[in-house]
Amino acid sequence: MFEPQTAGGKVLWHFTMSLDGFVAGPGHSMDWMTGTTFRPGLIDEYASTTGAVLGGRDGWDAYPDPGGIYGGVWKGPLFVLTHHPEDATPTDGATFLDCGPAEAVRIGLEAAGGKNLEVFSPDIGRQLLELGLIDEIDLHIAPVLLGDGIRLYVNPGGPPIRLRGVGTEDPLASVDVRFRPA
Ligand SMILES: NC(=O)c1ccc[n+]([C@@H]2O[C@H](COP(=O)([O-])OP(=O)(O)OC[C@H]3O[C@@H](n4cnc5c(N)ncnc54)[C@H](OP(=O)(O)O)[C@@H]3O)[C@@H](O)[C@H]2O)c1
């Protein structure tokens, strides 16, 4: 039985991902998700457990709309990390931060008020993993192969990051998935 997400002041690296490890297609495209179904109540589960969202400047420039998160069901503070906040269009609900990733997490968790901080960025997630500041990697694997786009994790030359399964009897067990071409 899959354990639903819970609110707990956690830093979550949360994505829908293609089977081959992309969280966005070329040019930040997201249309590959169309037609994917999710477990019942998933949107409400994350809308109710998320207190704040942290993203990066590229994702913001591609989708500059804090009201679009979880299809508009979720309302809350969005923080965008950027080295050049001065040229971002001021937008209600979005705060542009030019600081280190650890400081961004501190600010985001404070704003989340005991709920989770969701990190919507492969780039920032990698930085936070290195700092030991990611509590959970939470993925929904979509039945699609993309072959190109933005990968969940890119760190050439870096060591493997060992993980442990959450809510599984054997935390070191591999996960079996079987698909057929549609
Ligand atoms: N599949 C899903 O469920 C899902 C969910 C959410 C998002 N996404 C996708 O994820 C993609 C995000 O892509 P990404 O990770 O490549 O880009 P990103 O994190 O949105 O943007 C990276 C940029 O953020 C800024 N940045 C990152 N770390 C920083 C730091 N420590 N200090 C200051 N600025 C910093 C830098 O921009 P500057 O130097 O230009 O400021 C950097 O080039 C988007 O396409 C989005 O649609 C997918």
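Within every chain, residues take consecutive numbers counted from 1 along the sequence as written. Reporting in this predicted model follows two pLDDT cut-offs: at least 70 for local features of residues, and 80 or more for side-chain atom pairs to be given and counted; totals over whole chains, interfaces and linings ignore these cut-offs and use all residues.

1. A few points about the nonpolar core
- The nonpolar core criterion groups buried Ala, Val, Leu, Ile, Met, Phe, Trp, Tyr and Cys residues into a set whenever they are joined through C-beta atoms within 7 Å. Buried, partly exposed and exposed are defined by the number of other C-beta atoms within 10 Å of a residue's own C-beta, namely 20 or more, between the two limits, and 12 or fewer respectively, with C-beta atoms placed from the backbone. Ranked by size, the top nonpolar core spans 23 residues in total, and within it Val11, Leu54, Leu117 and Val119 carry the most contacts.
- Contacts of leucine 117, omitting those with residues within four sequence positions, involve Val11, Gly51, Ala52, Leu54, Val105, Gly108, Leu109 and Ala112.
- Grouped together as the second largest cluster of nonpolar side chains are eight residues, Phe22, Ala24, Ala142 and Leu146 included. By the criterion used throughout, residues are in contact when their C-beta atoms, derived from the backbone, lie within 7 Å.

2. Some thoughts on the sheet that holds strand S5 (residues 94-97)
- Here the rule is simple: two strands pair whenever DSSP picks up at least two bridges between them. Helix and strand labels come from DSSP, where a helix needs a run of H or I of at least four residues and a strand needs a run of E of at least two; each type is numbered from the N terminus. Across the sheet, which stays open at both edges, the six strands sit in the order S5-S4-S3-S6-S1-S7 with parallel pairing between neighbours. Of all the strands in the sheet, just S5 and strand S7 (136-142) have a single pairing partner and so form its edges. Between one strand and the next, the sheet's axes are offset by a mean angle of 25 degrees, whatever the strand orientation.
- Both strand S1 (residues 11-18) and S7 contribute to a ladder of seven bridges, which runs parallel. When the bridges of S7 are listed, histidine 14 appears paired with aspartate 138. Angular values range over 0 to 180 degrees, each being the angle between N-to-C directions of two axes fitted as lines to C-alpha atoms, with helices fitted over their stretch in contact.

3. Topic: the pairing of strand S3 (residues 50-56)
- Among the seven residues of S3, seven are classified as buried, and the element is accordingly described as predominantly covered.
- Judged from the four bridges that link them, S3 and strand S6 (residues 116-119) form a sheet pairing that is parallel. Bridging from a neighbouring strand, alanine 52 pairs with leucine 117 of S6.
- Direction of pairing for S3 relative to strand S4 (residues 78-81): parallel, over a ladder of four bridges. Of the residues in S4, the one forming a bridge with valine 53 is leucine 78.
- With its strands directed away from the observer, a crossover is right-handed exactly when the path from the first strand over the helix to the second travels clockwise. With helix H2 (residues 57-62) bridging S3 and its parallel neighbour S4, the resulting β-α-β unit is right-handed.

4. Considering the environment of glycine 100
- Turning to its location among the elements, glycine 100 is positioned in the loop between S5 and helix H3 (101-112).
- Assessed through the 12 C-beta atoms surrounding it within 10 Å, glycine 100 is described here as exposed.

5. Considerations on the site of the ligand
- As a structural note, the neighbourhood of the ligand is formed by 27 residues, with Ala24, Gly56, Asp58, Gly59 and Ser121 the closest of them.
- Here the term charged refers only to Asp, Glu, Lys and Arg, the term nonpolar to Ala, Val, Leu, Ile, Met, Phe, Trp, Tyr, Cys and Pro, and the term polar to all other amino acids, Gly among them. Residues belonging to the shell around the ligand are distributed by class as follows: 12 nonpolar, 11 polar and four charged. Only the C-beta atom, placed from the backbone, is used; a residue is near a molecule or strand if that atom lies within 6 Å of it.

6. Focus on the UniProt feature "domain: Bacterial bifunctional deaminase-reductase C-terminal" (unreviewed entry) in the protein chain
- UniProt positions are given in the numbering used here, feature names are shortened, and annotations may be inferred rather than shown by experiment. UniProt's feature table lists "domain: Bacterial bifunctional deaminase-reductase C-terminal" (unreviewed entry) at residues 109-167, given in the numbering used throughout.
- In residues 109-167, the share of helix is 22% and the share of strand is 22%. The end C-alpha atoms are 24 Å apart.

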